[in-house]
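Analysis of the macromolecular model
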Amino acid sequence: MKIAVLVSGSGTNLQTLINKLHNDTSSNIEIAVVISDRKNAYALTRAKQAGIPTKIVKAQDYESRIAFDEAISFLIEEYAVELIVLAGYMKLFQAPFVRKYRNRIINIHPSILPAFPGATPVSDSLSYGVKLTGVTVHFVDENVDTGPIIAQRVVPVYDTDSEEELHQRIQIEEHDLYPKIIKLFAEGKIMVEGRIVSLPNSKL
């Protein structure tokens, strides 16, 4: 199965997907292209080092967000991508793009959704004083971090945690969970009915 990974930053989740999926021939999963909205994203360097094609698509180069999404859609079709994987990608898709790829776009978010959606979930969790946070993998819908939830992992929050310390513990779970979910998708083991996602006979 060919996937596209969309990135905006350093690409730690991308590196995990390269190591655990792309470089593992038994996974039958190929990262066909890495797409970024930022030309200086270190994730692009990670992709190039792995011999994966990279593309830069910047919103400011297009007359509208719809046109921006269409440029990404063109690449998705060009590379015959079956699953769109967001890994620290900081742009929101417009409704036509989401409808076109319904239940074929997944995202990983560092909180237990629906708590703390948006761009700063780790700092928001600390500010709120929660004792548990975690990781959510979900399908992308038309709104921010509201799509059907595929899987979640819980991470404890300690009184002494800095944002960096908490984020590092969350990333450990991200790097374990995300490749497993992509494998299940490739194997046809993720079932979606409305907002309910089931993973029959699957262990995470």
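Our subject in this report is the structure included herewith. Here the structure is a predicted model, which means the values were calculated and not measured.

1. Some words on the overall build of the chain
Assigned secondary structure in the chain consists of six helices and nine strands. Scaling as 2.2 N^0.38, a compact globule of 204 residues should have a C-alpha radius of gyration of about 17 Å, and the chain matches this with 16 Å. With the C-alpha coordinates of the chain rotated into their principal frame, the extents come out at 50 × 40 × 35 Å. For the chain, the residues scored as buried account for 47% of the 204 residues in total. Pairs at least 24 residues apart make up 62% of the contacts formed inside the chain by residues separated by at least 6 positions. When the accessible surface of the chain is summed, it comes to about 10,100 Å², and 50% of that surface belongs to carbon and sulfur atoms. The averaged location of the 24 negative side-chain charges in the chain is 3 Å from the averaged location of its 22 positive side-chain charges.

2. With respect to helix α2 (residues 42-49)
Listed in full, the buried residues belonging to α2 are Ala 43, Leu 44, Arg 46 and Ala 47. Down the axis of α2, the smallest arc covering the buried residues is 155 degrees, so these residues share one side. Opposite its buried face, α2 presents the exposed residues Lys 48 and Gln 49, each directed more than 90 degrees away. Where the residues of α2 are buried, they touch β1 (2-7), α1 (12-22), β2 (30-36) and β3 (54-56). Looking one or two residues beyond α2, the residue adopting positive phi is Gly 51, at roughly 75 degrees.

3. Concerning the pairing of β1
Burial runs high along β1: five of the six residues are buried. Handedness of the crossover joining β1 and β2 through α1: right-handed. Direction of pairing for β1 relative to strand β4 (residues 83-86): parallel, over a ladder of four bridges. Note on β4: the bridge partner recorded for Leu 6 is Leu 86.

What counts and what doesn't
- Residues numbered from 1 in each chain as written.
- Predicted model: local features only at pLDDT ≥ 70, side-chain atom pairs only at ≥ 80, totals over all residues.
- Heavy atoms only, no water.
- Helix = DSSP H or I, 4+ residues; strand = E, 2+ residues; numbered from the N terminus.
- Rg over C-alpha atoms; globule rule 2.2 N^0.38 Å.
- Buried < 20%, exposed > 50% of the residue type's maximum accessible area, 1.4 Å probe, protein only.
- Contact = heavy atoms within 4.5 Å.
- Areas by Shrake-Rupley, 256 points an atom, 1.4 Å probe, with all protein chains shown as cover.
- Lys, Arg positive; Asp, Glu negative; His and termini not counted.
- Charge placed at Lys NZ, Arg CZ, Asp CG, Glu CD.
- Arc of directions from axis to C-beta.
- Right-handed = clockwise from strand over helix to strand, strands pointing away.
- Pairing = 2+ DSSP bridges.

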